[in-house]
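Residue-level listing of the chains:
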Amino acid sequence: MPLDQTPPLNSLGFPKPPAQTRVVVAMSGGVDSSVVAAMLAEEGYDVVGVTLQLYDHGAALAKKGACCAGIDIHDARRVAEKMGFPHYVLDYENIFRDAVIDEFADSYLGGATPVPCIRCNERVKFKDLLETAKDLDADCMATGHYIQRKLGTNGPELHSAADAARDQSYFLFSTTPEQLDYLRFPLGHLASKAETRALAEKYGLSVAMKPDSQDICFVPNGDYAAVIRKLRPEAADPGEIVHADGTVLGHHDGVINYTVGQRRGLGIGGLTDPLYVVRLDPETKRVIVGQKSMLATRSIPVREINWLGDAPLSSREEWHVAVRVRSTRPPAEAVIRPVSDTEATVELLSPEQGVSPGQACVFYDIESSRIFGGGWIHKG
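Residues numbered from 1 in each chain as written. Predicted model: local features only at pLDDT ≥ 70, side-chain atom pairs only at ≥ 80, totals over all residues. Heavy atoms only, no water.

1. Section: the sheet that holds strand E10 (residues 276-281)
Strand order across the open sheet formed by four strands is E9-E8-E11-E10, with mixed pairing between neighbours. The sheet is open, and its two edges are formed by strand E9 (248-252) and E10, each paired on a single side. Ignoring which end each strand starts from, the neighbouring axes of this sheet average 25° apart. With four bridges connecting them, strand E8 (residues 239-243) and E9 associate as antiparallel partners. Residue pairing in the sheet places Glu-240 in a bridge with His-251 of E9. (Pairing = 2+ DSSP bridges. Helix = DSSP H or I, 4+ residues; strand = E, 2+ residues; numbered from the N terminus. Axes fitted to C-alpha atoms, helices over the stretch in contact; angles between N-to-C directions.)

This is the structure:
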């Protein structure tokens, strides 16, 4: 090769052969990350698989339906053995408890509705694990997330997945530009989960038809209240169910059993008009209920913003974007009015119902698939 000619880029964007490119793959034991590891191994990359043990392994062995259980560690190891690359299990229990579980419990006690999967990506996978990957002299770290990394005029950009039904951008908005430079998401361009499973079958992986995890990994069967009662027993203290006009309508067995927007199971039957939880007040141990119209929100205070735009957030008085205030809702048009580079007020063009402190507010370009970051909704 002539001296003035650089080698062609490999599929991960490096000017060298795959065999000379080390990539750490974060392996949960599910089909997505397993396919990423197998795909890169088949392409000839120097793959190192890493699985995180995030909570008690003995308890995890008996638990199914969550991403980091003991059976999943076993599944990840089997994939590594089949494809012929090294696999390591790292004990991150203390990090995970301090960075994710404790805040999850405290947020619920504070009347918020936390999203621990975002904090896990932000504080564990894309922070501590990413640093571990660098310690292993890896050129990059790859995950099985459904999101796209594209090169723009100012460097790597975050984009929604090609398959809108699998898009995980809501859970990855806090990925920083520095992290994005190091991360790779090989599945983000696929049109459907069926394609991923077909690849798993092609590589002969035992996890090809493994069901997707549904629960938060440390919340068995989706029972948030049971986990929080164990971590913070005071959360089960009884209190009053109060109408927004001040009328006491009944009593409850702990504010942790309620979420903003909840209608069923309030324990105040016999009323003509349906009532919804509109606010939680942990200090007074009160659950405040009211008409559905009281859930409508147009102005949302957002802080801890991770901004991924080309110009600083505070460089404009306002930004016209689309925002998503829950993972299950489509983006809706809004205006961001910055207070600083990390705080803003988001004005929705059409009111949304059930906007809750503790949820994320993620920013999207109206005209493309690009993600401009996001922040955390607070009480204001």
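Once the structure has been displayed, the description carries forward.
2. So, the packing of helix H1 (residues 31-42) against helix H7 (residues 193-202)
Between H1 and H7, whose axes approach to 9 Å, the crossing angle comes to 55°. The angle between the axes of H1 and H7 places the two elements in the oblique class. Handedness of the crossing formed by H1 with H7: left-handed. Residues Val-31, Asp-32, Val-35, Met-39 and Glu-42 of H1 pack against Lys-193, Thr-196, Arg-197, Leu-199, Ala-200 and Lys-202 of H7. Classifying every residue of the contact of H1 with H7 gives five nonpolar, one polar and five charged. (Parallel < 35°, antiparallel > 145°, perpendicular 65-115°, else oblique. Left-handed = near helix turned anticlockwise from the far one by under 90°. Contact = heavy atoms within 4.5 Å. Nonpolar A, V, L, I, M, F, W, Y, C, P; charged D, E, K, R; others polar.)

3. Concerning helix H4 (residues 93-109)
If you check H4, its first and last C-alpha atoms are 22 Å apart, about what 17 residues at 1.5 Å a residue would give, namely 24 Å. Remark: the principal bend of H4, roughly 30°, maps to Ile-101. Buried residues of H4: Phe-96, Ala-99, Val-100, Ile-101, Phe-104, Ala-105, Ser-107, Tyr-108 and Leu-109, and no others. Among the structural elements, helix H5 (116-135) and helix H8 (224-231) are those in contact with the buried residues of H4. Once H4 ends, the next one or two residues include Gly-111, with phi positive near 85°. (Expected span 1.5 Å × (residues − 1). Bend = angle between axes of the 7 residues up to and from the residue. Buried < 20%, exposed > 50% of the residue type's maximum accessible area, 1.4 Å probe, protein only.)

4. Details of the sheet that holds strand E13 (residues 319-324)
Whenever strands of a sheet pair, they do so through backbone hydrogen bonds, lying parallel or antiparallel. With antiparallel pairing, six strands are arranged side by side around a closed barrel as E12-E15-E14-E13-E16-E17. Across the sheet, the mean angle from the axis of one strand to that of its neighbour is 45°, orientation sign disregarded. Bridge count between strand E12 (residues 296-307) and strand E15 (residues 344-353): six bridges; the pairing is antiparallel. The partner of Thr-297 across the bridge, within E15, is Glu-352.

5. Some points on the pattern of salt bridges
Counted by the stated rule, this structure contains 24 salt bridges. The residue Arg-232 makes a salt bridge to Asp-102 at a minimum N-O spacing of 3.8 Å. With Arg-232 in the loop between H8 and E8 and Asp-102 in helix H4, this residue pair connects regions lying 130 residues apart in the sequence. When its relative accessible area of 17% is taken as the criterion, Arg-232 is described as buried. We note a salt bridge from Glu-122 to Arg-119, for which the minimum N-O separation is 3.0 Å. Here the residue Glu-122 and the residue Arg-119 both occupy positions in helix H5, the gap between them amounting to three residues, near one helical turn. (Salt bridge = Lys/Arg side-chain N within 4 Å of Asp/Glu carboxyl O.)

6. Considering H1
Across its twelve residues, H1 extends 16 Å between first and last C-alpha, which sits within 8% of the 16 Å expected from 1.5 Å per residue. Summarising burial for H1: eleven of the twelve residues are buried, a large majority. When we look at burial in H1, the residues that qualify are Val-31, Asp-32, Ser-33, Ser-34, Val-35, Val-36, Ala-37, Ala-38, Met-39, Leu-40 and Ala-41. Its buried side turned inward, H1 meets strand E1 (22-26), strand E2 (46-53), helix H3 (70-83), strand E4 (140-142) and H7. At the C-terminal side of H1, Gly-44 shows a positive phi close to 100°.

7. Some remarks on the packing of aromatic side chains
Enumeration over the complete set of coordinates arrives at six aromatic pairs. Ring geometry for Phe-173 against Trp-376: centres 5.7 Å apart, planes inclined by 65°, an arrangement best described as edge-to-face. With Phe-173 in the loop between strand E6 (155-160) and helix H6 (177-182) and Trp-376 in strand E17 (residues 371-377), this residue pair connects regions lying 203 residues apart in the sequence. Trp-376 carries the same exposure label as Phe-173, and that label is buried. Sitting over the face of the ring of Tyr-146, Arg-166 holds its NZ or CZ atom 5.4 Å from the ring centroid. One Lys or Arg, Arg-316, reaches over the ring of Trp-319 and ends 3.8 Å from the middle of that ring. (Phe/Tyr/Trp six-rings, centres within 6.5 Å; stacked < 30°, edge-to-face > 60°. Lys NZ or Arg CZ within 6 Å of the ring centre and 35° of its normal.)

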